[in-house]
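Understanding the architecture of this molecule
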Amino acid sequence: MHFHHSKEAPSGLDPAFGAEVSLETTTTTREEWISSHCTGNKKALLIGINYSGTDSSLDGCHSDVSRMYKFITQTYGFLAENIVVLKDSSKLEDEYQPTKANMLYWMQWLVKDAEPHDSLLFHYSGHGGQRRDRDGDEIDYKDECIFPVDSIPLTDASDEQILIAHRNVMIDDELHLCLVTPLPVGARLTAIFDSCHSGSVLDLPFMYSATSGKLKEGEFIAELDAEKAGEMQKGRGVLAVEKTEKWRIKEKVFEMKDVLEATKDILHETREKLFVEKDAKGALMDFEKLNGVKAHVKQVEKLEKRNESLADIVLISGCKDTQTSADASEDGVPTGALSWGLMSTLEENPEPTYLQLLDGIREKLKREKYDQLPQLSTGHPIDLSTKFIA
């Protein structure tokens with residue numbers, strides 16, 4: 001038996017509201033990367049937020065991190081003294097409340113002094129959403145984001161408290177800078193985001209198809225997931241351009257023989273209005289808007305290159321950027337659908353390949369009638385036939 005509802009941020013919150021975040025980033029120089037053996041130090045940061053006292057409360061996030069704590073200590077040898085748990089619980093001291101300031105502090109703790117073959121694990125269970133992109137690195141013009149406990153106001157909050165709360169949203173650029181950028185070659189970060197719109201929440205450049213194990217880019221565009229049809233669900237959060245559809249756009253822009261026909265194809269595939277009318281003036285606007293798309297794609301490609309990592313980064317996310325993740329109940333226990341599917345799969349097979357792990361999670365969620373499709377992405381290309389370790 002299970003029930004599920006969305007982990008999407010409440011519609012009344014605009015994550016774009018508030019001060020713009022300014023982040024300095026650098027382009028990674030391409031060198032030889034190595035995969036972590038996960039034989040060094042092991043550290044974990046587990047964050048579960050139920051948002052008690054708000055209009056957007058969840059039920060399963062605390063139990064997610066409690067179960068994850070038990071799972072990684074018993075299965076992967078993480079020691080209690082190297083695990084930090086943040087929950088919005090009155091039983092925990094202030095420093096372990098999942099406010100934005102505390103989350104940033106403990107993220108720094110997680111990656112500090114990391115070395116090759118260390119294994120770091122980050123697990124977030126809570127609300128996720130999207131906001132307007134500020135720096136041009138998102139082809140759908142939206143940043144993915146997560147919501148610390150102090151980013152969602154209490155039910156009886158004043159206008160000033162609401163204003164302050166809106167400024168505490170954490171966007172993907174910031175998460176990448178905190179969790180990915182500091183890591184050296186060969187250090188492993190396994191990041192698990194059980195939240196809505198989380199497919200590219202770390203802005204990693206390599207995303208994989210569950211059916212083929214190949215990158216969802218360029219020449220692999222024909223090898224989309226078999227579940228592709230009908231995935232865009234009405235009423236399940238902000239509808240953005242699907243990742244694989246974005247690569248279709250890129251192909252159309254750079255390989256077109258007829259500009260206007262390519263524009264029509266892009267319009268058809270993305271449901272975005274890119275041209276107006278078919279007179280001479282409208283045709284000129286077609287060219288201008290298509291050139292704008294082309295320039296934007298080039299900018300995104302440049303910034304995605306910046307996000308490549310020589311560290312061993314693996315992101316397992318609850319759903320695509322266009323989807324929501326479910327807050328659910330399995331066997332009478334509140335849980336996130338991804339967290340449940342991930343740990344259940346690994347309990348049955350502790351040493352799957354990456355492809356077996358992704359397929360296993362998806363199959364479990366499909367059997368339980370969840371609509372979301374968990375995603376796997378990395379900071380550098382990996383062979384999905386290799387064993388998953390942590």
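Preceding this section is the structure that the text describes.
Here goes a summary of the coordinates provided. Nothing here was measured: the structure is a model prediction, and the numbers come from that model.

Secondary structure summary: the chain contains nine helices and 13 strands in total. Looking at the chain as a whole, 55% of its 390 residues qualify as buried. The contacts of the chain with a sequence gap of at least 6 include a subset with a gap of at least 24, amounting to 75%.

Once that is clear, we can look at helix H1 (residues 61-75). A rise of 1.5 Å per residue sets the reference length of H1, with its 15 residues, at 21 Å; its end C-alpha atoms lie 21 Å apart and thus fit the reference within 8%. For H1, every residue scored as buried is listed here: Cys 61, His 62, Asp 64, Val 65, Met 68, Phe 71 and Ile 72. In the segment just after H1, Gly 77 is the residue with positive phi, at about 75°.

Here we come to the sheet that holds strand S13 (residues 375-378). The strands that make up a sheet pair up through hydrogen bonds in the backbone, lying either parallel or antiparallel. If you walk across this open sheet you meet the seven strands as S3-S2-S4-S8-S10-S13-S9, and the pairing is mixed. In this open sheet, the two strands that pair with only one neighbour each are strand S3 (83-87) and strand S9 (206-207). Direction of pairing for strand S4 (residues 119-125) relative to strand S8 (residues 188-194): parallel, over a ladder of seven bridges. Directly across from Leu 120, in S8, lies its bridge partner Leu 189. Helix-sheet contacts for helix H8 (residues 337-348) involve S4, S8 and strand S10 (312-317), and the interaxial angle to S8 is about 135°. Packing of helix H9 (residues 354-367) onto the sheet brings it into contact with S8, S10 and S13, and relative to S13 it is tilted by some 150°.

Reading guide: rules and limits
Residues numbered from 1 in each chain as written. Predicted model: local features only at pLDDT ≥ 70, side-chain atom pairs only at ≥ 80, totals over all residues. Heavy atoms only, no water. Helix = DSSP H or I, 4+ residues; strand = E, 2+ residues; numbered from the N terminus. Buried < 20%, exposed > 50% of the residue type's maximum accessible area, 1.4 Å probe, protein only. Contact = heavy atoms within 4.5 Å. Expected span 1.5 Å × (residues − 1). Pairing = 2+ DSSP bridges. Axes fitted to C-alpha atoms, helices over the stretch in contact; angles between N-to-C directions.

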